Amino acid sequence: MFCFDNTFSTISEKVIFFELILDNVGEEGQDQEDWKKYITGTDLLDMKLEDILESINSVKARLSRSVQIQTLLKAFEARDRNIQESNFDRVNFWSMVNLGVMVVVSAVQVYMLKSLFEDKRKSRT
């Protein structure tokens, strides 16, 4: 039975959050029959018990769909992360190759410049 009372201050509205945990989720037929024996005076309520059950089942279906979507998004994220790490390793490898080539080219250029200014004539002193 749920009772949300607003008799303390009927002028202002209150927002109420509550959590309903269903332990016996697999036994749907028996649960609905168990709920029906507690129905008393539902003519005075704005919502019937069947409406509440329908809302709960709707929320449950949407939550299971959300879990499926989150699982799918986690799989996409794992795949994208693996691709990103592979690309990172590939970029690092080719950057090191490029750095090695630049060092070799600079050494060759220094050698070539030295050889241009080297005096090849043999002078006798």
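Please read all numbers here as calculations on a predicted model, not as lab measurements.

Assigned secondary structure in the protein consists of 2 helices and 0 strands. Each of the 125 residues in the protein was classed as buried or not, and the buried ones make up 3%. Just so you have it, the protein exposes about 12,500 Å², and 59% of that area is on carbon and sulfur atoms.

The subject of this paragraph is a nonpolar patch on the surface. Among the surface-exposed residues, Phe93, Trp94, Val97, Val101 and Val105 lie close enough to one another that they form a single nonpolar patch of about 470 Å² accessible area. Along the chain, Phe93 falls in helix H2 (residues 49-116). Residue Phe93 is classed as partly exposed on the basis of its relative accessible area of 48%.

For the coordinates displayed, the defined rule picks out 1 aromatic pair. Their ring planes at 75° and their centres at 5.0 Å tell us that Phe93 and Trp94 sit as a pair that is edge-to-face.

So, on to the UniProt feature "transmembrane region" (unreviewed entry) in the protein. With numbering matched to this structure, UniProt assigns "transmembrane region" (unreviewed entry) to residues 93-113. Annotation note: span residues 93-113, helix share 100%, strand share 0%, distance between end C-alpha atoms 30 Å.

One pass over the full model with this rule turns up 2 salt bridges. For Asp80, the salt bridge identified is with Arg79, shortest N-O distance 3.1 Å. Relative accessible area serves as the criterion here: at 41%, Asp80 is assigned to the partly exposed category. For Arg79, a relative accessible area of 45% gives the class partly exposed. With a shortest N-O distance of 3.1 Å, Glu85 and Arg81 are connected by a salt bridge. Here Glu85 and its partner Arg81 are both found in helix H2, 4 residues apart, which amounts to about one turn of the helix. Using a relative accessible area of 38% as the deciding quantity, one classes Glu85 as partly exposed.

What counts, and at which threshold
- Residues numbered from 1 in each chain as written.
- Predicted model: local features only at pLDDT ≥ 70, side-chain atom pairs only at ≥ 80, totals over all residues.
- Heavy atoms only, no water.
- Helix = DSSP H or I, 4+ residues; strand = E, 2+ residues; numbered from the N terminus.
- Buried < 20%, exposed > 50% of the residue type's maximum accessible area, 1.4 Å probe, protein only.
- Areas by Shrake-Rupley, 256 points an atom, 1.4 Å probe, with all protein chains shown as cover.
- Patch = residues over 30% accessible without salt bridge, like charges linked within 9 Å, V, L, I, M, F, W, Y side chains within 5 Å.
- Salt bridge = Lys/Arg side-chain N within 4 Å of Asp/Glu carboxyl O.
- Phe/Tyr/Trp six-rings, centres within 6.5 Å; stacked < 30°, edge-to-face > 60°.
- UniProt positions renumbered as here; feature names shortened; annotations may be inferred.

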